[in-house]
Amino acid sequence: MGLILAKYWRLLWSGKEHKVILVGLDNAGKTTILYHFVTKDVVDTKPTIGSNVEEISYGNLRFVMWDIGGQESLRNSWSSYYNHTEFVIIVIDSADIARLPIVRDQLQSMLEHEDLAKASLLVLANKQDLPTALPASTISNQLGLIGIKNRKWQIQGCSAIKGEGLDEALQWLSNNVS
Ligand code: G3D
């Protein structure tokens, strides 16, 4: 009986776990955002070699978030994290205008991957505190988000350093869990 109850309890909880991958170019702010979700503080970050993973509770939901390294040499390994992903969060340095075409290409090839066919997409236009940051609407146009018809998507401006826009991001995830 104890064993059955333990199994039931595990199943109950496993049903509430939602896998999220955080991707984006290096320096976009992925790690800062991940640790803001965990601690609500700004932490010192180092470039992600491989990945960081954290579990985030929001209401009665549990998100398991993978922060995947964004340096050029690591981008080819992103697809090994795609399996069972419910949400893709792509983090963008809104002031890094020169690299937006790279982000657009990365995003397009991710969305074509069969393991992400059912994943919803949240674009975080980070570093909105910088004076040269493009607004989220301009980034949305440059990435061609309006053309995405086969999945739920959202773009959210944010500043991980100031902690702005991140509660809205978690709220969107929780409103769109499957
Ligand atoms: P990554 O994990 O995507 O590579 P990090 O990015 O989280 O390591 O952040 C890269 C740098 O951007 C860090 O600065 C971090 O403090 C900064 N950063 C992250 N989010 C914001 C933001 O919203 N606004 C501003 N102005 N800076 C941000 P350092 O100096 O440590 O390299």
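For the protein, the name recorded in an unreviewed UniProt entry is ADP-ribosylation factor-like protein 6, with Diploscapter pachys as its organism. Here is the UniProt Sequence similarities (unreviewed entry) comment for the protein, exactly as written: "Belongs to the small GTPase superfamily. Arf family."

J.: Looking at this structure, I do not really get the packing of aromatic side chains. What am I missing?
T.: In this structure the tally under the stated criterion is three aromatic pairs. Between Phe-63 and Phe-87, the ring centres sit 6.3 Å apart and the planes meet at 70 degrees, which makes this aromatic pair edge-to-face. Pair noted here: Phe-63 is in strand S3 (residues 61-68) and Phe-87 is in strand S4 (residues 87-93), with a separation of 24 residues, a long-range link. For Phe-63, a relative accessible area of 0% gives the class buried. A relative accessible area of 0% places Phe-87 in the buried class. Here Trp-66 and Tyr-81 contribute two aromatic rings whose centre-to-centre distance is 5.7 Å and whose plane-to-plane angle is 55 degrees, an arrangement assigned as tilted. A residue pair is termed long-range when its members are at least 10 positions apart, and Trp-66 in strand S3 and Tyr-81 in the loop between helix H3 (72-75) and S4 qualify at 15 residues. Overall, Trp-66 belongs to the partly exposed group, its relative accessible area being 26%.

J.: I tried to follow the pairing of strand S6 (residues 153-157) on my own but got confused; where do I start?
T.: In the case of a regular strand, side chains alternate between the two sheet surfaces. As paired elements, strand S5 (residues 120-126) and S6 share five bridges and run parallel to each other. Of the residues in S6, the one forming a bridge with Leu-122 is Gln-154. At this point the chain moves from S5, through helix H5 (residues 136-143), to the parallel S6, and the crossover so formed is right-handed.

Each value, and the rule that gives it
- Residues numbered from 1 in each chain as written.
- Predicted model: local features only at pLDDT ≥ 70, side-chain atom pairs only at ≥ 80, totals over all residues.
- Heavy atoms only, no water.
- UniProt positions renumbered as here; feature names shortened; annotations may be inferred.
- Phe/Tyr/Trp six-rings, centres within 6.5 Å; stacked < 30°, edge-to-face > 60°.
- Helix = DSSP H or I, 4+ residues; strand = E, 2+ residues; numbered from the N terminus.
- Buried < 20%, exposed > 50% of the residue type's maximum accessible area, 1.4 Å probe, protein only.
- Pairing = 2+ DSSP bridges.
- Right-handed = clockwise from strand over helix to strand, strands pointing away.

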